[in-house]
2 protein chains.
Amino acid sequence: MTEADARRKAEAAEEAALELANVDDSVRSDALEAAADEIRSRESEILEANAEDVEEAEKLLEEGEYTQALVDRLKLDSEKVEGIASMVESVAGQEDPVGETLQARELDEGLDLYKVSVPIGVVGSVFESRPDALPQIASLCLKSGNAAILKGGSEAENSNRVLYEALNEATSDLEVPDGWVQMVESREDVEALLDLDEHVDLLMPRGSTAFVQHVQDNTKIPVLGHTEGVCHVYVDGDADLEMAEEVAFDAKVDYPAACNAVETLLVAEKVADDFLPKIVERYGEAGVEVRGDEATQAIVDDVVEVSEEDWSTEYGDLVVSVRVVEDVEEAVDHVNTYGSKHTDSIVTEDDAKARRFLEAVDSASVFHNASTRFSDGYRYGLGAEVGISTGKTHARGPVGVEGLTTYKWYIEGDGHVAGSYRGEGAREFTHREFDGDW
Amino acid sequence: MTEADARRKAEAAEEAALELANVDDSVRSDALEAAADEIRSRESEILEANAEDVEEAEKLLEEGEYTQALVDRLKLDSEKVEGIASMVESVAGQEDPVGETLQARELDEGLDLYKVSVPIGVVGSVFESRPDALPQIASLCLKSGNAAILKGGSEAENSNRVLYEALNEATSDLEVPDGWVQMVESREDVEALLDLDEHVDLLMPRGSTAFVQHVQDNTKIPVLGHTEGVCHVYVDGDADLEMAEEVAFDAKVDYPAACNAVETLLVAEKVADDFLPKIVERYGEAGVEVRGDEATQAIVDDVVEVSEEDWSTEYGDLVVSVRVVEDVEEAVDHVNTYGSKHTDSIVTEDDAKARRFLEAVDSASVFHNASTRFSDGYRYGLGAEVGISTGKTHARGPVGVEGLTTYKWYIEGDGHVAGSYRGEGAREFTHREFDGDW
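Residues numbered from 1 in each chain as written. Chains lettered and ligands numbered in written order. Predicted model: local features only at pLDDT ≥ 70, side-chain atom pairs only at ≥ 80, totals over all residues. Heavy atoms only, no water.

Honestly, the overall build of chain A in this entry has me stumped. Any pointers?
Helix and strand counts for chain A come out as 14 helices and 17 strands. With the C-alpha coordinates aligned to their principal axes, the bounding extent of chain A is approximately 75 × 70 × 35 Å. When burial is assessed residue by residue, chain A has 59% of its 438 residues classed as buried. At a minimum sequence separation of 6, the contacts of chain A that also span at least 24 residues come to 72%. Looking at chain A as shown, the accessible area adds up to about 17,200 Å², and 42% of this sits on carbon and sulfur atoms. Of the side-chain charges in chain A, 37 are positive and 100 negative, and the distance between the mean point of each set is 3 Å. (Helix = DSSP H or I, 4+ residues; strand = E, 2+ residues; numbered from the N terminus. Buried < 20%, exposed > 50% of the residue type's maximum accessible area, 1.4 Å probe, protein only. Contact = heavy atoms within 4.5 Å. Areas by Shrake-Rupley, 256 points an atom, 1.4 Å probe, with all protein chains shown as cover. Lys, Arg positive; Asp, Glu negative; His and termini not counted. Charge placed at Lys NZ, Arg CZ, Asp CG, Glu CD.)

Below, the structure written as structure tokens:
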């Protein structure tokens, strides 16, 4: 039953995607503008549904099942609904990522090859409880010409349903194909979706590492995983220590629950005696628990002993692990051994060491003299983001609309056949790039 | 035992990959030049090893286990060895795909973001029996700064071993990190490899659809699948019928075993009476078996009745299925229903219909007035190819060195922290693109 239901939705999405791939940007953007208006006009309905979700969540908070942070993330108010509507409008206003000629090459006289950006097709996304996730992911999919199959957190069930209806109804009278957005609601539907590799082109699970790995383990569909961030700040022996303090502090304290918050601070021996007392005091004032290796404990008091497990832990909280390292090479080794290929930063005045760190650390984002917290689609100027990919293929780091596109190869010929390029009197390929749009 | 062996090789490859990512193009290219020389100097050794493989294969041919085509593909001679050496040199001479600044954007004063192409890391490839596949895939990996784990067909075991040794020894004295190329030899090793998602970043299986699906079903590692090509030529009602005949003939007969050969010919009603007798006669002369739908059978004799299964079959042989369709829309539907998203072509003088076909067919390569046989990395001007991807993420169609790269995000800051962009006196992002290289 649920399997048939998931298949039916996936087939409808696939049909819509084939049509949507050839719908003009103006139509897609108008649909998003209409969706933003619909969200605004349904504000009270959205808030009522959200209140039900929050009420349910508060019960579970009392029972110790949910955290206060989850309840806070779940809760909408008038301002947040307006924020969702503006976000949808801002996606509408982004540059069209589809139909761009990425390459134009003459293969022979009258035989031209074009590489052109196109939507991926059907994108399945499973995400957490923040109710703004659904309109954000749906908007990015529609803007990039993809059909979307969405599964939100059960905590936000009522909010999501109203937001989904708003999106669906606002776009149903327009030239956008029906069925471009589908919602599934149960865990069983998600499991069924994993088998539908014939109809679904990309999966974007957001959530715990265990959940993302479960998805990767159980599907043939390509997965763009948004998993944990075990991020590092390395304070080099040639760092400006005031700058290092600001960067290390911001990276931990600005928003500890974010995946781009720092979890481990690496400090060069040369400056450890100077730097550690200052940053540990600063962290202490902000309520950050510091867990240090032996060298750190020898320099500052009030430091909990760090365990091997700490080095690969995403605390997502006001906790930081600290290790004293010899130099940039030991820092690189530590990051490549324990990190999650998300975001890492070096603070140094030595440009050669900075370059070495940036090029040798195998992470999606690597920074010099900047907080890890900049690793984010909005801050990168990508507009909204569907997630931050810690995988190494297709899209890496913050993923915006461009990450939801792929490309096709077109050839315009004049009756050309492959046989002419072989044997006696064989024609030769010219392979000449030219400026030209498909 | 074999699992530990595969893990050890994958770990060695990972270590080499981290180093190789920061090795200059000149070093990588010199290593490839040295490998080409080594292959030339070992010609007699290669031919001896190959003769053993061929002898074994001929036994199995007699026993009916192998086809003549397989034995032919396996067999090397002096000219083919030189061809392999030249191919390695030509990969060396390609433009460096690594270290290219793909985007440069100022986020704020003194805070610059760069998107830079980098190698993927460790690439695992399992491929068929042609002995030139090993040096080709290894060369493309090295040129793009990736470590390679290779498993060739058991039919070419001896040839592959000598070619692997030549590559390994030629590069071992140079600044290329040891362990950049690894070979595994058994099916069990391949199975073990599928579990090593911590160390392997991309898998490229080449072979039957069943094999590629087996790989996709049993690994968390991203898979760039090179599977079957069920390609189409659609002869439109407004086609130049002489051109259509040449294209349809070349697409089938030029090299029927290739994945870009046509399997199904779609013919518009309007021209079926004129076109079908000519092309069927032409196919007949070349020994092509034609399987047609009712409409085709009504027009020409000597046509076998086509079955539903035929429409999704890659014959890889001198067989073609033929269907009469109403118009371009029915052709598009047929291709999107039965095709394998590989390569499809329309022959028409009507540009609007051509554009409709190219944009609506959901395949990696879609052509107008050209044979499907042009779908190939060499012909596209990509240099050698590691395969043709029928998936829709990461890389699509013929995949050259560029498909073996990903990107990283670098930020150069001056002590910037995220907290400055919030609250009172918040700084604003400038998000200004600029010309500049990392």
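Help me out: how do you make sense of a negative patch on the surface in this one?
Residues and elements named next belong to chain A. On the surface, Glu48, Glu52, Glu55, Glu58, Glu62, Glu63 and Glu65 cluster together to form a negatively charged patch. Its location among the elements puts Glu52 in helix 3 (residues 43-62). Classification of Glu52 as partly exposed rests on a relative accessible area of 46%. (Patch = residues over 30% accessible without salt bridge, like charges linked within 9 Å, V, L, I, M, F, W, Y side chains within 5 Å. Salt bridge = Lys/Arg side-chain N within 4 Å of Asp/Glu carboxyl O.)

Even after reading the chapter, I still don't get the packing of helix 6 (residues 133-143) of chain B against helix 7 (residues 157-172) of chain B, so can you show me in this structure?
Each pair of packed helices gets described by two things: the angle between the helix axes and the distance between those axes. Residues and elements named next belong to chain B. Across the interface, helix 6 lies against helix 7 with an axial gap of 10 Å and an inter-helix angle of 30°. Looking at the two axes, helix 6 sits roughly parallel to helix 7. At the point where helix 6 passes helix 7, the crossing takes the right-handed sense. Contacts from Leu134, Pro135, Ala138 and Leu142 of helix 6 reach helix 7 at Asn160, Leu163, Tyr164, Leu167 and Thr171. Grouping the amino acids of the contact of helix 6 with helix 7 by side-chain chemistry returns 7 nonpolar, 2 polar and no charged. (Axes fitted to C-alpha atoms, helices over the stretch in contact; angles between N-to-C directions. Parallel < 35°, antiparallel > 145°, perpendicular 65-115°, else oblique. Left-handed = near helix turned anticlockwise from the far one by under 90°. Nonpolar A, V, L, I, M, F, W, Y, C, P; charged D, E, K, R; others polar.)

Can you help me understand the interface of chain A and chain B in this one?
Counting from both sides, the interface comprises 75 residues of chain A and, opposite them, 75 residues of chain B. Here chain A packs against chain B, burying approximately 6,500 Å² in sum over the two surfaces, 51% of which is carbon and sulfur. Contact with chain B buries surface across chain A, with Lys220(A), Phe374(A) and Trp409(A) losing the most and accounting together for 11% of the total. Remark: the boundary between chain A and chain B carries 8 salt bridges. (Buried area = accessible area lost by both parts, 1.4 Å probe.)

I'm lost on the side chain of Ser321(B) in this one. Help?
Residues and elements named next belong to chain B. Its place among the elements puts Ser321 in strand 11 (residues 319-325). Side-chain polar atoms of Ser321 contact the side chain of Thr264, separated by 2.8 Å. Apart from the residues lying within four places of it in its own chain, the contact partners of Ser321 are Glu263, Thr264, Leu265, Arg291, Val306, Asp310, Trp311 and Tyr315. (Polar contact = N/O pair within 3.5 Å; in protein donor to acceptor, adjacent residues only side chain to side chain.)

In this structure, what is going on with the sheet that holds strand 11 (residues 319-325) of chain A? I would like to understand it.
The strands making up a sheet associate through backbone hydrogen bonding, with each pair oriented either parallel or antiparallel. The 11 strands are arranged 10(A)-9(A)-11(A)-8(A)-7(A)-12(A)-13(A)-16(B)-2(B)-1(B)-17(B) in an open sheet whose pairing can be described as mixed. The open sheet has two edge strands, strand 10 (304-305) of chain A together with strand 17 (432-433) of chain B, and neither has a second partner. One ladder, built from 4 bridges, connects strand 9 (residues 289-292) of chain A with strand 11 of chain A; its direction is parallel. For Arg291(A), the partnering residue across the bridge sits in strand 11 of chain A and is Ser321(A). (Pairing = 2+ DSSP bridges.)

Would you mind showing me how to read the sheet that holds strand 4 (residues 147-151) of chain A here?
Residues and elements named next belong to chain A. Judged by pairing direction, the sheet is parallel, and its 4 strands sit side by side in the order 5-4-3-6 without closing on themselves. Pairing within the sheet leaves two strands with one partner each, and these edge strands are strand 5 (181-183) and strand 6 (202-205). Sheet twist, expressed as the average angle between the axes of neighbouring strands with direction ignored, equals 15°. Bridge count for strand 3 (residues 122-126) against strand 6 is 4 bridges, and the pairing is parallel. Residue pairing for strand 6: Val126 is matched across the bridge by Pro205.

What exactly am I supposed to notice about the pairing of strand 4 (residues 147-151) of chain B here?
Looking along a regular strand, one sees the side chains alternate between the two faces of the sheet. Residues and elements named next belong to chain B. With 5 of 5 residues buried, strand 4 lies mostly within the body of the structure. Strand direction decides the pairing type here: strand 3 (residues 122-126) and strand 4, joined by 5 bridges, are parallel. Counterpart to Ser125 in the pairing with strand 4 is Leu150. What joins strand 3 to strand 4 is helix 6, and the crossover it makes is right-handed. In this fold, the crossover linking strand 4 to strand 5 (residues 181-183) by way of helix 7 has right-handed handedness. (Right-handed = clockwise from strand over helix to strand, strands pointing away.)

Looking at this structure, I do not really get the pattern of salt bridges. What am I missing?
Where side chains of opposite charge bring their charged atoms close, a pairing between them can arise. All names here are of chain A. Taken as a whole and judged by the stated rule, the model has 76 salt bridges over all chains. For Glu89, the salt bridge identified is with Arg40, shortest N-O distance 3.0 Å. On the criterion of sequence distance, the pair formed by Glu89 in helix 5 (residues 78-92) and Arg40 in helix 2 (residues 25-41) is long-range, its members being 49 residues apart. Here the salt bridges share partners, and the residues they tie into one network are Glu38, Arg42, Glu45, Glu165 and Glu169.

Explain the relation of the copies chain A and chain B here, please?
Put simply, the two copies of the chain differ by a rotation about an axis and a shift along that axis. Each copy superposes on the other: chain A lies on chain B with an RMSD of 0.1 Å after a rotation of 180° and an axial shift of 0.0 Å. Overall, the copies show the geometry of a two-fold rotation axis. Closest approach to the rotation axis among the C-alpha atoms of chain A is made by His394(A), whose C-alpha sits 1.9 Å away. Most of the interface of chain A is mirrored in chain B, where 100% of its interface residues are also at the interface. (Least-squares fit on C-alpha atoms with pLDDT ≥ 70 in both.)

Can you walk me through the domain arrangement of chain A in this structure?
When the parts of a complex come together, some accessible area is lost, and that lost area is often taken as the interface size. According to the domain assignment, chain A consists of domain 1 (2-224 + 396-403) and domain 2 (231-374). A separation of 35 Å is found between the C-alpha centroids of domain 1 of chain A and domain 2 of chain A. (Domains from an automatic or database assignment.)

Sorry if this is basic, but what is going on with the packing of aromatic side chains here?
We describe a pair of aromatic rings using the distance from one ring centre to the other and the angle between the two ring planes. One pass over the structure, following the stated rule, counts 23 aromatic pairs over all chains. When the centroid spacing of 6.4 Å and the interplanar angle of 20° are considered together, the rings of Phe249(A) and Tyr283(A) count as stacked. One end of the pair, Phe249(A), is in helix 10 (residues 241-253); the other, Tyr283(A), is in helix 11 (residues 269-285), and 34 residues separate them in sequence. The exposure classification of Phe249(A) matches that of Tyr283(A), with both residues buried. Geometrically, the ring pair formed by Tyr407(A) and Trp409(A) is edge-to-face, given 5.7 Å between the ring centres and 85° between the ring planes. Pair check on accessibility: Tyr407(A) and Trp409(A) agree, each one buried. By way of ring pairs, the aromatic residues Tyr114(A), Tyr410(A), Phe434(A) and Trp438(A) are connected into one cluster. The ring of Trp438(B) carries the charged tip of Arg355(A) above its face, separated from the ring centre by 4.3 Å. (Phe/Tyr/Trp six-rings, centres within 6.5 Å; stacked < 30°, edge-to-face > 60°. Lys NZ or Arg CZ within 6 Å of the ring centre and 35° of its normal.)

Looking at this model, I keep getting lost on the pairing of strand 1 (residues 101-108) of chain A. Mind explaining?
Residue and element names in this part refer to chain A. Of all 8 residues making up strand 1, 7 are buried, and the element is well covered by its neighbours. Where strand 1 lies against strand 2 (residues 111-119), 6 bridges are found, and the strand directions are antiparallel. Paired with Ala104 across the strands is Tyr114, a residue of strand 2. Once strand 1 ends, the chain turns through 2 residues before running back antiparallel as strand 2, passing Gly110 with a positive phi of about 75°.

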